[in-house]
Amino acid sequence: MHTKQDFLSLSDLTAIELANLLALAVELKQEWKSGGNQPVLKNKTLGMVFTKPSLRTRVSFEMGMRHLGGHAMYISPDEIQLGKRESVPDVARVLSRYVDGIMARVFAHADVVALAQYARVPVINGLSDYTHPCQGLADLLTILEYRGAIKGCTIAYVGDANNVANSLAFGGALLGAHVVIGAPEGYQLREDVAKRATALAAANGGSLVQVTDPRSAVEGADVVYTDVWTSMGQEAEAAQRAKVFPPFQINVALMALAKKDAMVMHCLPAHRGYEITDEVADSPQSALWDQAGN
Ligand code: NVA
């Protein structure tokens, strides 16, 4: 077996590895903007396994592979039926014979872990119920572009402490940001996530705080971030969640408590009128489209 490096969670990286990844992203983006990238992935194919819908992840990976001279293959949810038609290890073993890398969007994080375990090729987590590390990278790059630095930044995440929040907490912590999670009781960071993010923050000069009051969460924040109240796979809880989360909506009144020039982020898709108002999503403070672009 040759060695390979999977990308399943930002918490698997060291602070230096993460900083280097971002530096590479800045370089590749610059190269692309000034006329095109070096074909560093020439003749490489990425197999993209989706068990859930996707706009950004699917299109950005496909275009990214193209920019770098390679090719991406979209495999729809119906095609493989991961774990139903065929076991996860068998899918990993077979795909490894065809493609140079696998990106997978799954329900249970254990599935992407199993893919990585049984695949001979690197596996990238394109969202699981636990983390969304590629989103985390795009988020950090966007904060870097807007604020000039991530270290010392106060990043307030308001809403459901979900997969996106986990990645943001890990990434922010690794780079020495002050991450504040404002989530209702019962929807805060999982204990193991909070513990790990706190340790990473402590080691890198940042901090992690969890509060249940959205107003105190955003107070003085540089970044105000939210995501849907009901993630893919939680649809059965949607009605209950719709009762709990309205006080956590990012609206003009809440934004007034953040820094005057605070940036607004959302990984999208946005449910306008629920976790974020039109007024805020379309305001000059909104970084949503640049964030999606990254
Ligand atoms: N938390 C959301 C993110 C979508 C990109 C979900 O998992 O559905």
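The following refers to the structure shown. (Residues numbered from 1 in each chain as written. Predicted model: local features only at pLDDT ≥ 70, side-chain atom pairs only at ≥ 80, totals over all residues. Heavy atoms only, no water.)

## Examining the environment of A258
Mapped onto the fold, A258 is located in the loop between α11 (252–255) and β9 (263–266). For A258, a relative accessible area of 9% gives the class buried. Sequence-wise, A258 and L144 are 114 residues apart; in three dimensions their C-alpha atoms are separated by 18 Å. In contact with A258, not counting residues within four places along its chain, are V218, G220, A221 and V224. (Helix = DSSP H or I, 4+ residues; strand = E, 2+ residues; numbered from the N terminus. Buried < 20%, exposed > 50% of the residue type's maximum accessible area, 1.4 Å probe, protein only. Contact = heavy atoms within 4.5 Å.)

## A short note on helix α6 (residues 133–147)
The terminal C-alpha atoms of α6, which comprises 15 residues, lie 21 Å apart, in line with the 21 Å expected from a rise of 1.5 Å per residue. Counting buried residues in α6 gives 11 out of 15 residues, a clear majority hidden from the surface. Buried within α6 are the following residues: P133, C134, Q135, G136, L137, A138, D139, L140, L141, T142 and I143. Among the residues trailing α6, G148 stands out with phi positive, at a value near 85°. (Expected span 1.5 Å × (residues − 1).)

## Focus: the packing of aromatic side chains
Scanning the entire structure with this criterion turns up seven aromatic pairs. When the centroid spacing of 5.3 Å and the interplanar angle of 45° are considered together, the rings of F50 and Y74 count as tilted. You can see F50 sitting in strand β1 (residues 45–50) and its partner Y74 sitting in strand β2 (residues 71–75), a full 24 residues away along the chain. When its relative accessible area of 35% is taken as the criterion, Y74 is described as partly exposed. Where Y187 meets F245, the ring centres are 4.9 Å apart and the plane angle is 65°; that geometry is what we call edge-to-face. One end of the pair, Y187, is in the loop between β6 (178–182) and α8 (191–203); the other, F245, is in the loop between α10 (238–244) and α11, and 58 residues separate them in sequence. Its relative accessible area of 15% is what places Y187 among the buried residues. Three or more aromatic residues link up through ring pairs in this structure, and these residues are Y187, W229, F245, F248 and Y274. The ring of F107 carries the charged tip of K52 above its face, separated from the ring centre by 4.7 Å. A cation over an aromatic ring shows up here: R58 above the ring of Y74, its NZ or CZ 3.9 Å from the ring centre. (Phe/Tyr/Trp six-rings, centres within 6.5 Å; stacked < 30°, edge-to-face > 60°. Lys NZ or Arg CZ within 6 Å of the ring centre and 35° of its normal.)

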